[in-house]
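One letter stands for each residue in the lines below.
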Amino acid sequence: MEEFSDKLGLPIRNHIPFTGLEDTPKLEVIATALYIKKSKIEGHWESRSGVKGFLAKFLVGKARMFLKAMSYQAFEDILALLIYGLVLFLNPDQFIDVHAVKIFLTHNPVPNLLGDILHSLHTLMRNDQGLQWHKRIMSLSHSDIRWLSLSKENVTIIDRCGQYPNVPFLGIRGGITYNPCLALHQFGYARRDGPHQMLIQGVVFDYEDDSQGYRREFVRSWDMVNRVDSKSLGQRNSIPLEPYLRWVCTRAQRFVMPYPYVRPVIVEPECEEKVPQVISHPDMPTDIEELKRSWIQIKEERNTFEALFHAKENKVLELTRQLQDKQKVNTYLGAKRKRPWDT
């Protein structure tokens, strides 16, 4: 979630994000936020399929008017609401519904946006839709992903909320839990082995079918947010170790990932029968571009660690030199203080 926030340039604020249980915002509050007269808001606040909101063309017209008048703050705020309603929380009817307005007014869209994406992906896979595109996502390896820069050493992440061992998200249509312990590689803390099952307990639900009351539990959990910093995450390590890779493969097989798992292969030189020998290899990439990316990544990490090592080495040498100089001074002063009968 923190890298998502970094990419969007939007902070994660210290208050409860959109829950969908809020009262409909008063029209004067919307009018103030958008720099539009309340009478205009009242005239264009309409319903579509039982949901209140604005037609996009109304807001587009107002944005153009403010831009022409060089009222840039008003233009940017209306443009932001249009992006919320048409891009981030998509409504196919060119309609900016009340949910997008509520999220806009919270100024804290990151948890809801990431929750909406994860919930939508889960729904598509559950309904066997979109298999062609999520086949590519699920077959990505760590070499295909550009992780967050190692220069960002001071990291603070939301580790869990309330009674949950992970982070509960609420989207537009439902809720889903997100497991930060599986995302630490993004910050240069690759896992050494698989996490405890308790830490990755999954909860997914739709608002239309929430007989167990998960929604209100999710909302209450955001009153107790636990954050951890780099000191608590341990030593940096950008390459996941073999026990973790085995855990991932085992989990993929147990959940029967809906795509054919094709292992990379190594083709050995032809044998006596003139038939090349193909040997499966679980980890070694064979694509030349992937090999280049892996080599560049390893080289960059080596250079980073070498620079850190040399800096520490120079510091040790400097401290050693200072200590030797101090010892020489103490030896000299000690000789000066000797009593005559000590010689």
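First, a word on scope: everything that follows refers to the structure included in this document. The model shown is predicted, which means the values in this text are computed figures rather than measured ones. (Residues numbered from 1 in each chain as written. Predicted model: local features only at pLDDT ≥ 70, side-chain atom pairs only at ≥ 80, totals over all residues. Heavy atoms only, no water.)

**Examining the environment of lysine 57**
- Here lysine 57 shows up in helix H4 (residues 56-68).
- We classify lysine 57 as exposed; its relative accessible area is 66%.
- Spatially, the C-alpha atoms of lysine 57 and leucine 82 are 9.8 Å apart, while their sequence positions differ by 25 residues. (Helix = DSSP H or I, 4+ residues; strand = E, 2+ residues; numbered from the N terminus. Buried < 20%, exposed > 50% of the residue type's maximum accessible area, 1.4 Å probe, protein only.)

**Here we look at the packing of helix H2 (residues 27-34) against helix H6 (residues 98-106)**
- One can describe the packing of H2 onto H6 by two numbers: an axis separation of 11 Å at closest approach and a directional angle of 60°. The handedness of the crossing between H2 and H6 is left-handed. Contact residues: H2 offers Val29, Ile30, Ala33 and Leu34, while H6 offers Val101, Phe104 and Leu105.
- Its residues assigned to classes, the contact of H2 with H6 comprises 7 nonpolar, no polar and no charged. (Axes fitted to C-alpha atoms, helices over the stretch in contact; angles between N-to-C directions. Left-handed = near helix turned anticlockwise from the far one by under 90°. Contact = heavy atoms within 4.5 Å. Nonpolar A, V, L, I, M, F, W, Y, C, P; charged D, E, K, R; others polar.)

**Here we look at the nonpolar core**
- Judged by nonpolar contacts, the single largest core of 28 residues is most densely connected at Ile30, Leu34, Ile41, Phe54, Leu59, Ile78 and Ile96.
- Non-local contacts of leucine 34, meaning those with residues more than four positions away in its chain, are made with Ile41, Phe54, Leu59, Phe66, Asp77, Ile78, Leu81 and Phe104.
- Ranked by size, the runner-up nonpolar core spans 12 residues in total, among them Leu114, Cys161, Ala183 and Trp222. (Core = buried A, V, L, I, M, F, W, Y, C linked by side-chain atoms within 4.5 Å.)

**Brief notes about the side chain of glutamate 2**
- Structurally, glutamate 2 can be placed in helix H1 (residues 2-8).
- Arginine 227 is the oppositely charged side chain nearest to the buried, salt-bridge-free glutamate 2, at an N-O distance of 6.4 Å.
- Filtering out sequence-adjacent residues up to four positions away, glutamate 2 remains in contact with Ile12, Thr156, Ile157, Ile158, Tyr178 and Phe187. (Lys, Arg positive; Asp, Glu negative; His and termini not counted. Salt bridge = Lys/Arg side-chain N within 4 Å of Asp/Glu carboxyl O.)

**Observations concerning a nonpolar patch on the surface**
- Taken together, the side chains of Leu67, Met70 and Tyr72 define a hydrophobic patch exposed on the protein surface, amounting to about 320 Å² of accessible area.
- Tracing the sequence through the fold places tyrosine 72 in helix H5 (residues 72-88). (Patch = residues over 30% accessible without salt bridge, like charges linked within 9 Å, V, L, I, M, F, W, Y side chains within 5 Å. Areas by Shrake-Rupley, 256 points an atom, 1.4 Å probe, with all protein chains shown as cover.)

**A word on the environment of histidine 196**
- Among the structural elements, histidine 196 can be located in the loop between strand S6 (174-178) and strand S7 (204-206).
- According to the relative accessible area criterion, histidine 196 is exposed, its value standing at 56%.
- For the pair histidine 196 and cysteine 181, spaced 15 residues apart in the sequence, the C-alpha separation amounts to 9.6 Å.

**As for unusual backbone geometry**
- In the Ramachandran plot, tyrosine 35 falls in the positive-phi region, its phi being about 60° despite a non-glycine side chain.
- Of note, histidine 107 is a non-glycine position whose phi angle comes to about 55°, a positive value.

**Focus: the sheet that holds S6**
- Pairing is antiparallel in the open sheet, where 3 strands are placed in the order S5-S6-S7. Each edge of the open sheet carries a strand with a single partner, namely strand S5 (167-170) and S7. Between one strand axis and the next, the sheet turns through 20° on average, direction left out of account.
- Here 4 bridges tie S5 to S6, and the two strands are oriented antiparallel to one another. Paired with phenylalanine 169 across the strands is isoleucine 176, a residue of S6. (Pairing = 2+ DSSP bridges.)

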